[in-house]
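Descriptive analysis of the structure
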Amino acid sequence: MEISGWLIFMLLVQVIHGIGTWKLYVKAGRKAWEAFIPVYNGIVLMQIINRPKWWILLLFIPVINLFLFPIIWIETLRTFGKKSTADMVLGVATMGFYIAYVNYTQETTYHANRDLKAPNKTMDTLGSISFAVVVATLVHTYFIQPYTIPTSSLEKSLLVGDFLFVSKFHYGARTPMTPIAAPMVHDTLPVIKVKSYLEKPSLPYFRFPALQKIERNDIVVFNWPADTLYHMYKAADKRYDKPIDKKTNYVKRCTAIPGDKIEIKDGIIFINGKESILPERAKPQYMHKIYSKNGVSSPTLLENGSTEFTRKYITTIYNQNQAEALNPYVRGSIQNNDGTVTVFTEQKGIPNNVISNNNITITEVNDFEREANFTLENAENLRKKQIVDSVVRIIHKDVEKSIFPGNKDWNVDNLGPIYIPEAGKSIELNKETLPFYKKVIGEYEGNDLKVNGDEIRINGEVETSYTFKQDYYWMMGDNRHNSLDSRYWGFVPADHIVGKPIFIWMSIDGINDGIKNWSIRWDRLFTTVSGKGQPQSYFQYFLIALAVYFGFDYFRKKKKKKEEA
């Protein structure tokens, strides 16, 4: 819905409000016309129901207003003597229209100095819950959002199982585009697995002023532009165009900003012709081949900092219990001619207690050549050790047609140069440039784009150039050979930006392996995401502050009891 449409809708709501409440305004000693004046009628209503005038501001905040409207409907009914449970239910169930029924058909009395306390314990509990939900939703939507790292694309900068606080206000809080939605969940309601929002009505894109601009190498949370997955709700083979703010949240490093030209040569990023220098905390990883005539052991890979490689075992499975015990850890298997089975696992392998508790006969195979991810520093350190013969960084050379924009002889390690669109800047449009910006023009910026041979029409007009309406960014993961990022789907529009990760408050190793395998990474608790030097935990200071607070509170209460005695 465009802004003009929303203005008409809001005006209509004001007219309906006036028609449905003007008699109540008169009962309260106000003028009938006061019920019809937009915004002013809300201020007057807050005075009538004896509630703070600033509540009217909350009515204009998407999602928050969904919870405040029912509260105001109930408060209005109570102010005019309608206090029964039936009145409360009808007020909410009819979306406030029951008030209009009362306005025209019921004899009412205005209680200017009514008791503001809830009439019963149930209403008091509901009121407390509603207030808590409003506050939590306000914080979650416009200030700080909790976020969990689900994948290893930013390993080792951010780890799988890191629990983050993401700031909405650093880059400017974005108002929800889907104003009718469940609070504090994303696109799906848990357990019942249905959409958490209504697509209509929708709000136009709006962002509050930012504290800072997105800079190169910032870690950013954003809505995945390519998220058109339908299988979350129904069939997997259909496209589903989600609202922008309900697309899947991703977290990557912003490697290029609007106006940049990015190029990747043998896995190394170049911005505007110069090698990109990452901050100290960034630890990009690349897949390497490790060779050893004595076999490359898994402990060697783990001890030298690898977080992703495959382990191979030979085992004999004698019964169903053994098969079920191994199943959570196995990612693939091969039946051998001698009756044994070759199984493959991720880098953590199979726990010793699983093997011993189920009497499993198993041997790990250390191949002479293995692949594993390492930072360049860790790979260099491993090369210096006599336990391996060589360590070679894998550099992709074969053409990958899945690489953006899909018509170049590029791959994950070699692509570009690509110009990153900047608002207000223009590019020449032709067969060579169109594949890069086709989705920008047609999908992200809402134009009618048609191509007929060499002719490019935008909104019915033949065009040879295009001026961008908003900024775009290039996002990549630090785990360069295991990251679904801009190399595959291109640019991230500014209206898809969610926020900036600022703080790790909890970190659990093995978060995807079941609660029995969880272990807290104590050194990552209460660490900042960005900043100079290596991350430092402030958890001990938090505990000290907590102890001081409880100690102060204890002695304060003790002193108060003495004074009252």
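The structure this text deals with has already been given above.
Keep in mind the model is a prediction, meaning the values are calculated, not measured.

1. Points about the layout of surface pockets
- As a volume, the largest pocket reaches approximately 1700 Å³.
- Forming the walls of the largest pocket are 47 residues, and the residues nearest its centre are Phe 9, Val 13, Leu 59, Asn 65 and Phe 69.
- When residues of the lining of the largest pocket are traced back to their parent elements, those giving at least two are helix H1 (3-27), helix H2 (40-48), helix H4 (64-79) and helix H6 (97-105).
- Of the residues in the lining of the largest pocket, the class split is 37 nonpolar, ten polar and no charged.
- Put simply, the second largest pocket is a space of about 1300 Å³.
- Surrounding the second largest pocket, 43 residues form its lining, Ser 152, Val 160, Glu 346, Gln 347 and Asn 512 being those nearest its centre.
- Looking at the lining of the second largest pocket, the elements that each hand over two or more residues are strand E1 (144-148), strand E6 (249-256), strand E12 (330-335) and strand E13 (341-345).
- In the lining of the second largest pocket, the residues fall into 14 nonpolar, 19 polar and ten charged.

2. Digging into the sheet that holds strand E7 (residues 261-265)
- Pairing in this open sheet of four strands is antiparallel, and the strands run E9-E8-E7-E17 from one edge to the other. Every other strand in the sheet has two partners, leaving strand E9 (274-275) and strand E17 (415-419) as the edge strands with one partner each.
- Pairing of E7 with strand E8 (residues 268-271) involves four bridges; the strand directions are antiparallel. Within E8, the residue paired with Lys 265 across the bridge is Ile 268.

3. Overview of the pattern of salt bridges
- What the rule picks out here adds up to 29 salt bridges.
- Notably, a salt bridge pairs Lys 312 with Asp 367, separated by 3.1 Å at the nearest N-O pair. With Lys 312 in strand E11 (residues 311-316) and Asp 367 in the loop between strand E14 (361-365) and strand E15 (369-375), this pair connects stretches of sequence that are 55 residues apart.
- Take Lys 312: its relative accessible area is 23%, and that puts it in the partly exposed class.
- Its relative accessible area of 28% is what places Asp 367 among the partly exposed residues.
- The shortest N-O distance in the salt bridge between Asp 448 and Lys 450 comes to 2.9 Å.

4. As for a nonpolar patch on the surface
- Together, Leu 11, Val 15, Ile 19, Trp 33, Phe 36, Ile 37 and Tyr 104 make up a nonpolar patch on the protein surface, roughly 650 Å² of accessible area in all.
- A total of three residues in the nonpolar patch trace back to one element, the largest contributor, which is H1.
- Along the chain, Tyr 104 falls in helix H6.
- Exposure remark for Tyr 104: the relative accessible area of 41% places this residue in the partly exposed category.

What counts, and at which threshold
Residues numbered from 1 in each chain as written. Predicted model: local features only at pLDDT ≥ 70, side-chain atom pairs only at ≥ 80, totals over all residues. Heavy atoms only, no water. 1 Å grid on protein atoms, 1.4 Å probe; cavity = no way out; pocket = protein on both sides within 12 Å on 5 of 7 lines; lining within 4 Å. Points joined across faces, edges and corners; volume = space filled by probe spheres on them. Helix = DSSP H or I, 4+ residues; strand = E, 2+ residues; numbered from the N terminus. Nonpolar A, V, L, I, M, F, W, Y, C, P; charged D, E, K, R; others polar. Pairing = 2+ DSSP bridges. Salt bridge = Lys/Arg side-chain N within 4 Å of Asp/Glu carboxyl O. Buried < 20%, exposed > 50% of the residue type's maximum accessible area, 1.4 Å probe, protein only. Patch = residues over 30% accessible without salt bridge, like charges linked within 9 Å, V, L, I, M, F, W, Y side chains within 5 Å. Areas by Shrake-Rupley, 256 points an atom, 1.4 Å probe, with all protein chains shown as cover.

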